[in-house]
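# Summary of structural features
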Amino acid sequence: VPSTPVISFCSFSTIDKNSAIITFNFSYPDGDIGLHQEDTSGLYSKNGVGYYDFYMRYYCLGKVSGKYTTYYHQFGTTPNPLVDSVIFAYRIPFVTNNIKSKTLDGQIIVNLNGYKPGNPAPGTPPDSLNYFKYEFWIYDRALHKSNVVTTPNFYVYYP
């Protein structure tokens, strides 16, 4: 029975209005986390399911409901605009296991560029994007999905 990676939130800090860093811990008995830079064919091709291995969904605070909801971004215009939730996808560099045990434990730091949407969707109060949280998960090289982690709530204001 293949195992799955286990992750937990560690920290989040902003650098400026466009950049931030999220850090998470991982533990994985099979020890095959991350992608080599040259992993770009087959399952790992640009259009393949394994091209990215770190995913993060953005939630903003609903000013009326007082609850966090998935933020949706509109692409195009009527009559049939495409609407999608904001999911950031990244490639984690290959993690080399230099110990005899196959189990791999560690910490991964992800530099987030554009860590929150720049413009609110129509009908969304602009300041609601200052209150947010994330859900994130990873995949191992065999495409086993980790647990899904929800971060604490964050407030970030940049004029």
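As a starting point, this report considers the structure included with it. (Residues numbered from 1 in each chain as written. Predicted model: local features only at pLDDT ≥ 70, side-chain atom pairs only at ≥ 80, totals over all residues. Heavy atoms only, no water.)

Moving on, we come to the overall build of the chain. Across its full length, the chain holds 0 helices and 11 strands. Helices (α) and strands (β) of the chain occur, in sequence order from the N terminus, as β-β-β-β-β-β-β-β-β-β-β. Of all 159 residues assigned to the chain, the portion counted as buried reaches 38%. Restricting to contacts in the chain with at least 6 residues of sequence separation, those with at least 24 account for 65%. (Helix = DSSP H or I, 4+ residues; strand = E, 2+ residues; numbered from the N terminus. Buried < 20%, exposed > 50% of the residue type's maximum accessible area, 1.4 Å probe, protein only. Contact = heavy atoms within 4.5 Å.)

This paragraph deals with the packing of aromatic side chains. Under the definition given, this model contains 18 aromatic pairs. Ring geometry for tyrosine 131 and tyrosine 155: centres 4.7 Å apart, planes at 50°, overall tilted. Residue tyrosine 131 is located in strand 9 (residues 131-138), and its partner tyrosine 155 is located in strand 11 (residues 154-155); the two are separated by 24 residues in the primary sequence. Judged by relative accessible area, which is 27%, tyrosine 131 ranks as partly exposed. (Phe/Tyr/Trp six-rings, centres within 6.5 Å; stacked < 30°, edge-to-face > 60°.)

We now examine unusual backbone geometry. Unlike most non-glycine residues, leucine 143 shows phi in positive territory, near 70°. Inspection of the secondary structure assignment puts leucine 143 in the loop between strand 9 and strand 10 (149-150).

With that settled, consider the pattern of salt bridges. Evaluated as defined, the whole model comprises 2 salt bridges. Among the salt bridges present, the one from arginine 141 reaches aspartate 39, with a minimum N-O distance of 2.7 Å. Here aspartate 39 lies in the loop between strand 2 (19-28) and strand 3 (54-61) and arginine 141 lies in the loop between strand 9 and strand 10, a separation of 102 residues in the sequence. The same class applies to arginine 141 and to aspartate 39, which are both buried. Among the salt bridges present, the one from glutamate 135 reaches arginine 57, with a minimum N-O distance of 3.7 Å. Of this pair, glutamate 135 sits in strand 9 while arginine 57 sits in strand 3; the two residues are 78 residues apart in sequence, bridging distant segments of the chain. The class of arginine 57 is partly exposed, set by a relative accessible area of 21%. (Salt bridge = Lys/Arg side-chain N within 4 Å of Asp/Glu carboxyl O.)

Before going further, it helps to spend a moment on the environment of valine 110. Take valine 110: it is sitting in strand 8 (residues 104-113). Residue classification places valine 110 among the buried positions, given a relative accessible area of 7%. On a C-alpha basis, the gap between valine 110 and phenylalanine 12 in space is 9.7 Å, while along the polypeptide they are 98 residues apart. In this structure valine 110 touches Ala20, Ile21, Ile22, Phe24, Phe54 and Tyr90, once residues within four positions along its chain are discounted.

With that out of the way, let us pick up the environment of alanine 89. By the secondary structure assignment, alanine 89 is in strand 7 (residues 87-90). Judged by its relative accessible area of 29%, alanine 89 falls in the partly exposed class. Sequence separation between alanine 89 and leucine 112 is 23 residues; the distance between their C-alpha atoms is 9.7 Å. What alanine 89 contacts, discounting residues up to four positions off in sequence, is Tyr52, Phe54 and Tyr55.

This brings us to the pairing of strand 2. Remark: a regular strand shows side chains that alternate across the two faces of the sheet. The element strand 2 is extensively covered by neighbouring structure, given that 7 of its 10 residues are classed as buried. With 8 bridges joining them, strand 1 (residues 6-14) and strand 2 adopt antiparallel strand pairing. The residue of strand 2 that forms the bridge with serine 11 is threonine 23. Linkage of strand 1 to strand 2, two consecutive antiparallel strands, is achieved through a turn of 4 residues. Sheet analysis places strand 2 next to strand 8, joined by 10 bridges and oriented antiparallel. Following the sheet pairing, phenylalanine 24 is matched in strand 8 by isoleucine 108. (Pairing = 2+ DSSP bridges.)

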